[in-house]
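# Architecture and fold: a report
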Amino acid sequence: MTLLPLKPIESDLADKARATISQRPQLEELVAQATAKGLRNVFFVGAGGSLIASYPGHYLLEREDTCPVYKLQSDELNTGRTKRMGEGSLVFLASYTGKTKETVAAARYARSTGATVAVVTKEGGPLADAANVAFTGQSDLFLQLAAYAVMRQGGVSRDWALLDRALDALPDALVSAAEEHEERSRVIAETLKDEPITYVLGSGPSFNWAYGLAMCFLQEMQWKHAAAFNSGEFFQGAFEVVDDDVAVINLLGEDTSRPMAERAKRFLDTYASKKTFHIDTAELALPGIPAELRGEMSPLVIAVLMDRLARHYEAIRGHDLDKRNYMFKVDY
């Protein structure tokens, strides 16, 4: 096995987060206009990483007394064409490249219904052209900011000044978390690099990167067999195949679903401890993040940790994350 140099933590990680957060005024204005016209519902639409990015924002809105919120895979919208979407709908879509064909098609369809379509990409592209309003930035963070805007414009009562403090601190806290977890990421990748299959568990808004680590990073980018399970669903069957010979990564955030992740931890520590690793944001400092908001920020922290874990797999296995068999290479 040929090793690759470990790519460093992105030098502009904090700057990218700040640039995304700096667009809050425009985002608030977009939602304010939609609210003034009669906001009926909100949709988060995406495919792969962009659908994964929508989980935290969707999770927040589901728990508030605002308008109904839905999460759809792009082609589920294209083929299913829900009748709930139309005038009064606010649709958020994301694509890292801005070119994901099913997401571009979903944006065009959403706009044809009379919905207001807002997108976030890395740098424009066909998706931006298909939208009413286009933003650039980090998808996970942007879509969570979108949820906050809907909550604020919808009259949700909370300490908004405290949220402002948390978002001001978040960019540097993300860098701190990545640095603090580096050795742990190396150990996990080194230990599990040759495992025939890896199970990844997560709950609530942190299930997104359980799914993302398994499907995007391990299957797509490392060509390794992996499967993700909701921490609660794990006990509906999957736990029967887990023992000390099976590799498991268990993600623990600090949101309201944490008891689900802790239940999985207790089981795994009892019956499958030898190849189980727990990644717990509660163990990280997250400087500047108010204690009351660590739960809401923890999915964003986990996103950064999963990216760093993938980089360690890349280096230790000698398999570049950009290497593909089919994606972007064949017609599919």
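This text gives an overview of the structure that appears in the document. Small disclaimer: the values here were computed from a predicted structure and weren't measured.

## Side note on helix H6 (residues 101–112)
A rise of 1.5 Å per residue sets the reference length of H6, with its 12 residues, at 16 Å; its end C-alpha atoms lie 17 Å apart and thus fit the reference within 8%. Residues of H6 that are buried include every one of Thr 103, Val 104, Ala 106, Ala 107, Tyr 109 and Ala 110, and no others. Structurally, H6 contributes buried residues whose contacts are with strand E1 (41–46), helix H5 (74–80), strand E3 (89–95), strand E4 (116–121) and helix H7 (126–130). Backbone geometry just downstream of H6 places Gly 114 in the positive-phi region, at approximately 95 degrees.

## Re the packing of helix H1 (residues 13–21) against helix H9 (residues 160–192)
The geometry of H1 relative to H9 is characterised by a closest axis approach of 8 Å and an angle of 155 degrees between their N-to-C directions. The orientation of H1 with respect to H9, classified from their angle, is roughly antiparallel. Regarding H1 and H9, the two cross each other, and that crossing is right-handed. In contact with Leu 13, Ala 14, Ala 17, Arg 18 and Ile 21 of H1, H9 contributes Leu 167, Pro 171, Asp 172, Leu 174 and Val 175. Looking at side-chain class alone, the contact of H1 with H9 contains eight nonpolar, no polar and two charged residues.

## Here's the deal with the side chain of Glu 182
Locating Glu 182 in the fold gives a position in helix H9. Taking relative accessible area as the criterion, Glu 182 reaches 16% and is therefore assigned buried. Side chain to side chain, Glu 182 and Arg 308 meet in a polar contact 3.0 Å long. Not counting the four nearest positions on each side in its chain, Glu 182 is found in contact with Leu 6, Ile 9, Arg 308 and His 312.

Here is what the cut-offs are and how they apply
Residues numbered from 1 in each chain as written. Predicted model: local features only at pLDDT ≥ 70, side-chain atom pairs only at ≥ 80, totals over all residues. Heavy atoms only, no water. Helix = DSSP H or I, 4+ residues; strand = E, 2+ residues; numbered from the N terminus. Expected span 1.5 Å × (residues − 1). Buried < 20%, exposed > 50% of the residue type's maximum accessible area, 1.4 Å probe, protein only. Contact = heavy atoms within 4.5 Å. Axes fitted to C-alpha atoms, helices over the stretch in contact; angles between N-to-C directions. Parallel < 35°, antiparallel > 145°, perpendicular 65-115°, else oblique. Left-handed = near helix turned anticlockwise from the far one by under 90°. Nonpolar A, V, L, I, M, F, W, Y, C, P; charged D, E, K, R; others polar. Polar contact = N/O pair within 3.5 Å; in protein donor to acceptor, adjacent residues only side chain to side chain.

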